[in-house]
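# Commentary on secondary and tertiary structure
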Amino acid sequence: MYQSNRMWASASFVGVLIIIGMPLWWKTTEVYRVSLPYEKISSFKPLSHFVTTELKVLANDDATASKIVSEIQKAFAESDIIKIKIEKTVMSERQQHILRSVVDMEKAVEELASTLDLDQENIFHVVQKKSLSHNIWVGNERIMFFDDEKASETIVKALDGWIYQTSVLRGSRSDTPDQARSTRFPPESAYHITLSIVHPRPDTMKVVWNAAEAVEDYIGSFVDELSSLHNFTLKSQWLHLLDFDFQAREVKEVSEWGRHFAVRQDRLSLLLTRLEERAATHVSELSTINLALYIVPCDKAPIIIYDNEGRKNPLSIQAFMSPKWGGVVIASPPAEQCSQQVREFEPSVGQIMGAFVSHLRELLGITKKDAIEGAHLEPSRSVSPRRWEVDALLRIRTLEQVTSAERTLQSLAQLLEEISNIVINDEVGASIAAAVSELEAGAGEGAGADAARAGRAHAHAQRAFTHPGLLALLYFPDDQKYAIYIPLFLPIMFPVVLSLRILLLWFMGKPVHKEKTD
C-alpha cells in the first residue's frame, strides 16, 4: 500500500510537470509575432519603378509639331525611368497672334496662360515662338518656347537635363546614392528649418538684424511653394559668446583693411560641431535644416574661404554648405564700421538670405542646372522655385519614397525571418500592412505619380523599422536563455526523468526493485 501511494504521488508530480508546467512555460515564454505578408514584400522590385508625366507640344503647323514629337519620342523610347505621354496640337490663330505680337518672354507667357492651363502639376508645354535669340527659352512656368524644328535636339537635351532630370531620377531609385541624393535630406513628411545668428562678441559690436522677418520673407516664401511635398516649421535664434578659432592665416593685400584672413575649407567642418553643441536642434524627432550666420569680430575680419587646393573664393559672400546638415554664411563687418568708436553692423539681408535659399534648394533636392548650348534659362526673379522645378522634385521624391519604402520593408522582413526572438507587436504589424497596402494601391509596378500614397507608404515603413518594440528581446539570444534555464530546471528534471523508469516498471507490473539475495 505504501509503495502504491508513493508511485501515484510520483506519477501525479510528473503529470503536473509535463501536462501543466511545460505548456504553461512554453506559452509564457513564447515571442509574440504578428503574421506579416512576407510573400508580397519579397515580390517588390525597387529597381523596376518609373514615373509618368504629360507633355503638350504646340506648333504653328502639324509638320513642325510632328517633327518635334517624333524626336522626343525617339529620345525617351528606351527610358526605363520615365514614361512621357505626348499630345501635339496646332496653335489657334489667337495663340499665334499673341506670340507674334508680344516680344517680352515673361509677358508672352502671361498672355498665353489665358489659353493654356499652366497650373496643372506634372504637365509641361513646349510651344513654338518664332524669332527667338536662342533655340529654346525656359522661364518659371511650365512652358518652353522653341524657334523651329531645328531646335529639336536642344529641346530633348533641356527636357532630359532640366525639366525631367532623368539622371537624378535614376539616382533616387538606385542602391548607390548619386551626388544629388547624397546632398539632399532624406524624404520626410516635415522638416524644421532653424536660422541661427552667431554673435561671438556682443559687447564689442551691435548687430542690426531682424531674424524673424528675414526668415518669414525669404525662407517662408521659398518653402510655401513646397507645401505639397513637406510641412515646414521655421525658427530663428541668437547664439551669443560662441567664439570659434578658425586658425586663419593673415594675408596682406591692397584694400580698406589692408589684409584678410584665409581659412581653409576643411577647417570649417569643425565649426558645425560647435554650432550643434549650442543650437540644440537635435532634440526634435524631425530632421532639422540648419542655417547659420556667423558674425566675424573686427579683429578677425575679413575672413575669406580658400578651397583645399588653395584657391580663393571669388564671391562677395563667404558661404559653404554641408550635405544633409545645412548652410553657413560668414559675414565680416566693413572696415569703416570697425574703425568707429561705436560699432554697429547691419548685414545685407538680400545677399545673405539669397545664399541661404541657394543652400536650401540643394538640400531639399532642387539641383543646379548645367548650361546647354542653344538653350536659355531665364534667371529667377524671386526666391520661390520655378513651378516645373517643383514638379521635378515631386517626381524625384515620389520615386525615392516608393523605392525606399520597399527596400525598408524587405530589409525588415529579412531581419525578422533571420532573428526569431524579435517581438512583432500589433503596432509594427499594422504599420507594415499599411505600407504594403499603400504600395500596392498607388505605387505598384509602373506607378509613381501618386506622391501622397508614396509618402504614406514611406512613413509607415519607417515607423515599423524604427519601432522600439522590435528591440524588446533582441538582446536575449538563445544561448543566454539556455544559460539561465539549465541551472534552474536541470536539478528539478533530473529526478523526474529517473522516476519515469520506475513508474513504467510499476505500471507494467514488474518489480520496481531487485530483491536482495544472500
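Note that the structure is a prediction, hence the values are computed from the model and not measured. (Residues numbered from 1 in each chain as written. Predicted model: local features only at pLDDT ≥ 70, side-chain atom pairs only at ≥ 80, totals over all residues. Heavy atoms only, no water.)

### Quick word on the overall build of the protein chain
Quick reminder of the rule: Elements are defined by DSSP. Helices are runs of H or I of four residues or more, strands are runs of E of two residues or more, and each kind is numbered from the N terminus. Atoms considered for the radius of gyration are the C-alpha atoms alone. The globule rule reads 2.2 Å times the number of residues to the power 0.38. Relative accessible area decides the class of each residue, using a 1.4 Å probe on protein chains only: under 20% of the type maximum gives buried, over 50% gives exposed, and in between gives partly exposed. A contact between two residues is defined here by any heavy atoms of the two lying within 4.5 Å. We count Lys and Arg on the positive side and Asp and Glu on the negative side, and we leave His and both chain ends out. Every charge is mapped to an atom, namely NZ of Lys, CZ of Arg, CG of Asp or CD of Glu.
If you tally the helices and strands in the protein chain, you get 16 helices and 16 strands. Relative to the globule expectation of 24 Å for 518 residues, the C-alpha radius of gyration of the protein chain, 35 Å, shows a markedly less compact shape. Each principal axis of the C-alpha atoms in the protein chain carries an extent, and together these give about 130 × 75 × 40 Å. In the protein chain, buried positions account for 45% of the 518 residues. Within the protein chain, contacts between residues separated by at least 24 positions form 76% of all contacts whose residues are at least 6 apart in sequence. The protein chain carries 55 positive and 67 negative side-chain charges, and their two centres are separated by 5 Å.

### Concerning the nonpolar core
For clarity, the threshold we go by: Grouping buried Ala, Val, Leu, Ile, Met, Phe, Trp, Tyr and Cys residues that are joined through side-chain atoms within 4.5 Å yields what is termed a nonpolar core.
Counting 39 residues, the largest nonpolar core has W209, I219, L293 and F356 as its most contacted members. Elements represented by at least two residues in this core include exactly strand 6 (190-199), helix 9 (211-224), strand 11 (287-295), strand 14 (326-331), helix 12 (349-364) and helix 13 (387-418). With 8 residues, the single largest contributor to this core is helix 12. Filtering out sequence-adjacent residues up to four positions away, L293 remains in contact with S196, I197, V198, W209, V329, A331, I352 and F356. Counting 34 residues, the second largest nonpolar core, distinct from the first, contains V57, A65, A151 and A375.

### Here we look at a nonpolar patch on the surface
Note the cut-off: To count toward a patch, a residue needs a relative accessible area above 30% and no salt bridge. Like charges then connect within 9 Å, nonpolar side chains (Val, Leu, Ile, Met, Phe, Trp, Tyr) within 5 Å. Residue burial considers only the protein chains on display, and all accessible areas are found by Shrake-Rupley using a 1.4 Å probe. Within this document, salt bridges are pairs made up of a side-chain nitrogen of Lys or Arg and a carboxyl oxygen of Asp or Glu, the two lying within 4 Å of each other.
There is a patch of nonpolar side chains on the surface, built from V16, I18, I19, I20, M22 and L500 and spanning about 550 Å² of accessible area. A per-element tally of the nonpolar patch places helix 1 (residues 2-29) first, with 5 residues. When you line up the elements, I20 lands in helix 1.

### Notes on the UniProt feature "transmembrane region" (unreviewed entry) in the protein chain
The criterion, for reference: UniProt positions are given in the numbering used here, feature names are shortened, and annotations may be inferred rather than shown by experiment.
UniProt records the feature "transmembrane region" (unreviewed entry) for residues 7-26 and 482-507 in the present numbering. Helix makes up 100% of residues 482-507 and strand 0%, with an end-to-end C-alpha separation of 34 Å.

### Some points on the state of the cysteines
The cut-off we apply is this: Here, two cysteine sulfur atoms that lie within 2.5 Å of each other are counted as a disulfide.
Taken as a whole, this structure holds 1 disulfide when the rule is applied. A sulfur-sulfur distance of 2.0 Å marks the disulfide that ties C298 to C338. Residues C298 and C338 are joined by a disulfide whose S-S torsion is about -80 degrees; by sign, that bridge is left-handed. Of this pair, C298 sits in the loop between strand 11 and strand 12 (303-306) while C338 sits in helix 11 (residues 335-338); the two residues are 40 residues apart in sequence, bridging distant segments of the chain. Take C298 and C338: they sit in the same class, and that class is buried.

### Describing the packing of helix 9 against helix 12
Cut-off, in case you're wondering: Note on definitions: angles span 0 to 180 degrees between N-to-C directions of axes, and those axes are lines fitted to C-alpha atoms, for helices only across the stretch in contact. Take the far helix as your reference; a near helix turned counterclockwise from it by less than a right angle gives a left-handed crossing, and one turned clockwise gives a right-handed crossing. Residues are grouped as follows: Ala, Val, Leu, Ile, Met, Phe, Trp, Tyr, Cys and Pro are nonpolar; Asp, Glu, Lys and Arg are charged; every other residue, Gly included, is polar.
Their axes nearest at 10 Å, the elements helix 9 and helix 12 cross at an angle of 30 degrees. Two packed elements cross with a definite hand, and for helix 9 against helix 12 that hand is right-handed. Between helix 9 and helix 12, the contacting residues are A214, V215, Y218, I219 and F222 on the first element and V349, G350, M353, F356, V357, L360, R361 and L364 on the second. Split by residue class, the contact of helix 9 with helix 12 holds 11 nonpolar, 1 polar and 1 charged.

### Comments concerning the environment of V168
As for its placement among the helices and strands, V168 is situated in helix 7 (residues 166-173). Look at V168 and you get buried, because its relative accessible area is 8%. C-alpha of V168 to C-alpha of R181: the two residues are 13 residues apart in sequence and 7.9 Å apart in space.

### Overview of the side chain of S172
Selection rule: Identification of polar contacts relies on pairs of N or O atoms within 3.5 Å, with a donor-acceptor requirement for protein atoms, meaning one able to donate a hydrogen and the other able to accept it, and with residues adjacent in sequence counted only if both atoms are side-chain atoms.
Structurally, S172 can be placed in helix 7. Within the structure, S172 has its side chain in polar contact with the backbone oxygen of L169 (distance 2.5 Å). Apart from residues no more than four positions distant in its own chain, S172 is found in contact with R181, R184, I396, L399, E400 and T403.

### Observations concerning the sheet that holds strand 12
Test applied: When DSSP finds two or more bridges between a pair of strands, those strands are recorded as paired.
Pairing is mixed in the open sheet, where 3 strands are placed in the order 9-10-12. Taken across any chain shown, the strands that pair with only one partner, and hence form the sheet edges, are strand 9 (249-252) and strand 12. Strand-to-strand twist across the sheet, computed as the mean angle between neighbouring axes with direction ignored, equals 40 degrees.

### Structural notes on helix 3 (residues 62-76)
This is how it is decided: One less than the number of residues in a helix, times 1.5 Å, gives the span that helix is expected to have. Our arc is simply the arc of the directions from the helix axis toward the C-beta atoms.
Under the 1.5 Å per step criterion, the end-to-end length of helix 3 is 21 Å for 15 residues, consistent within 8% with the ideal 21 Å. Buried within helix 3 are the following residues: T64, A65, I68, V69, I72 and F76. In a view along the axis of helix 3, the buried residues occupy a sector of 125 degrees, so they form one face of it. For helix 3, the exposed residues lying more than 90 degrees away from the buried face are A63 and K74. One side-chain oxygen at the N-terminal end of helix 3 lies 3.2 Å from the backbone nitrogen of A63; it belongs to D61.

### Here's the deal with the pattern of salt bridges
Tallying each qualifying case throughout the model produces 29 salt bridges. Notably, a salt bridge pairs E400 with R184, separated by 3.3 Å at the nearest N-O pair. Of this pair, E400 sits in helix 13 while R184 sits in the loop between helix 8 (179-183) and strand 6, and the two are 216 residues apart along the sequence. For R184, a relative accessible area of 0% gives the class buried. In this structure, E309 engages R311 in a salt bridge whose closest nitrogen and oxygen atoms are separated by 3.1 Å. Just as E309 is exposed, R311 falls in that class too. Overlapping salt bridges, with partners in common, bring together R201, D243, D299 and K300 in one network.

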